Amino acid sequence: MKGKILLFDIDETIFDPQSFLDDFYNELTKNFKLNENDLNKIKNIYSEIKTEIGYFNPTNFLDKVIETFPEINRTSLEKVFWNIDLFNKNVYKDASVIKDLGRIGDIGIFSKGEESFQKQKISFLSDLIETDDIHIFKNKIDKINEVLEIYQDLNIYFIDNEPDVLESVKKINPEAYLILIDRKNEYENSDIIKIKDLSELKSLIYD
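Thresholds applied
- Residues numbered from 1 in each chain as written.
- Predicted model: local features only at pLDDT ≥ 70, side-chain atom pairs only at ≥ 80, totals over all residues.
- Heavy atoms only, no water.
- Helix = DSSP H or I, 4+ residues; strand = E, 2+ residues; numbered from the N terminus.
- Rg over C-alpha atoms; globule rule 2.2 N^0.38 Å.
- Buried < 20%, exposed > 50% of the residue type's maximum accessible area, 1.4 Å probe, protein only.
- Contact = heavy atoms within 4.5 Å.
- Areas by Shrake-Rupley, 256 points an atom, 1.4 Å probe, with all protein chains shown as cover.
- Lys, Arg positive; Asp, Glu negative; His and termini not counted.
- Charge placed at Lys NZ, Arg CZ, Asp CG, Glu CD.
- Salt bridge = Lys/Arg side-chain N within 4 Å of Asp/Glu carboxyl O.
- Pairing = 2+ DSSP bridges.
- Axes fitted to C-alpha atoms, helices over the stretch in contact; angles between N-to-C directions.
- 1 Å grid on protein atoms, 1.4 Å probe; cavity = no way out; pocket = protein on both sides within 12 Å on 5 of 7 lines; lining within 4 Å.
- Points joined across faces, edges and corners; volume = space filled by probe spheres on them.
- Nonpolar A, V, L, I, M, F, W, Y, C, P; charged D, E, K, R; others polar.
- Arc of directions from axis to C-beta.
- Polar contact = N/O pair within 3.5 Å; in protein donor to acceptor, adjacent residues only side chain to side chain.

Participant: Explanation requested: the overall build of the protein chain in the structure shown.
Facilitator: Tallying secondary structure elements over the protein chain gives nine helices and six strands in all. Whereas a compact globule of 207 residues would reach a radius of gyration of roughly 17 Å, the protein chain reaches 18 Å, a difference of no more than 12%. Taken along its principal axes, the extent of the C-alpha atoms in the protein chain is 55 × 30 × 30 Å. Looking at the protein chain as a whole, 47% of its 207 residues are labelled buried. When contacts within the protein chain are restricted to residue pairs at least 6 apart in sequence, those whose partners lie at least 24 apart make up 63%. A total of about 11100 Å² of accessible surface is found on the protein chain, and carbon and sulfur atoms cover 43% of it. Once the 27 positive and 41 negative side-chain charges of the protein chain are each reduced to a mean point, those two points are 4 Å apart.

Participant: Help me understand the pattern of salt bridges in this model?
Facilitator: When the charged atoms of two side chains with opposite charge come close together, those side chains can pair. Within the structure shown, the criterion is met by 15 salt bridges. Residues Arg 103 and Asp 100 are paired through a salt bridge, measuring 3.5 Å at the closest nitrogen-oxygen approach. In the salt-bridge network here, residues are joined through shared partners; they are Asp 9, Lys 140 and Asp 160.

Participant: Sorry if this is basic, but what is going on with the sheet that holds strand E4 (residues 155-160) here?
Facilitator: The pairing of strands in a sheet happens through backbone hydrogen bonds and is either parallel or antiparallel. An order of E3-E2-E1-E4-E5-E6 is seen for the six strands of this open sheet, with the pairing classed as parallel. Edge positions in the sheet fall to strand E3 (134-137) and strand E6 (193-195), since each has one partner strand and no second. Within this sheet the neighbouring strands show an average axis-to-axis angle of 20°, counted without direction. Across three bridges, the pairing between strand E5 (residues 177-181) and E6 is parallel. Looking across to E6, one finds that Leu 180 is bridged to Lys 194.

Participant: Explanation requested: the layout of surface pockets in the structure shown.
Facilitator: Empty space among the atoms can be located by rolling a probe the size of a water molecule over them. Computed from the structure, the largest pocket encloses a volume of approximately 590 Å³. Lining the largest pocket are 30 residues, and of these Asp 11, Glu 12, Pro 17, Lys 50 and Asn 161 lie nearest its centre. Listing elements by their share of the lining of the largest pocket, those giving two or more residues are helix H1 (17-32), helix H2 (36-53), strand E2 (106-112) and helix H7 (115-121). Ranked by the residues each element gives to the lining of the largest pocket, the list is headed by H1, at four residues. The residue inventory of the lining of the largest pocket, partitioned by class, reads eleven nonpolar, six polar and 13 charged.

Participant: Explain helix H4 (residues 74-81) here, please?
Facilitator: Side chains that are three or four residues apart share a direction in an α-helix, a result of its 3.6 residues per turn. What H4 keeps buried is the set Leu 77, Val 80 and Phe 81. The buried residues of H4 occupy an angular sector of 95° when the element is viewed end-on, so they sit on one face. In H4, those exposed residues whose orientation departs by more than 90 degrees from the buried face are Thr 75 and Lys 79. Looking at the packing, one finds that the buried side of H4 touches H1, helix H3 (58-68), helix H5 (84-89) and H7. N-capping of H4 is provided by Asn 73, with a side-chain oxygen placed 3.0 Å from the backbone N of Thr 75.

That's the geometry; what it means functionally is another story.
And the structure:
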């Protein structure tokens, strides 16, 4: 242990989910000769799955796509969806700074979503993050106390794109270091430290 734990959110912090979806839809169209109407049906399936359970579940999604398009081979569809190159392509370029930060603090994950899907997005960090420091939940806010308890003896940093999550941490532990990654400059009135690019962390987290 280095005395610090840096807990990163994944979506819109380390990984660009919309860009990933766009690339995935392009690959679907190319591999399965889908027309625009077909693609719109698949996009609606994605939205329905996410709305229904509050996050994206790839198994439910792929099941529903096969149900809607029985002519698509399940193995081929999974190969397109789980293509590691597709995931790595949609990691934000500035996320490379995380490996540098690993020299001054332990790196962890605090994320919402389906575990296997979220872990695939951070596979490029597999040699840096200990399994016990990966925390993926269906509802992050409900699990803040649990995560804080694990790291009570460390200086803990939360890097997240959701102000509500950071504000909830602040209410429970005012001593935690909170950093909002705001790539689209959406939160002008936040009183939490705000950055637009992860490379800015170098000036905020140091020995």
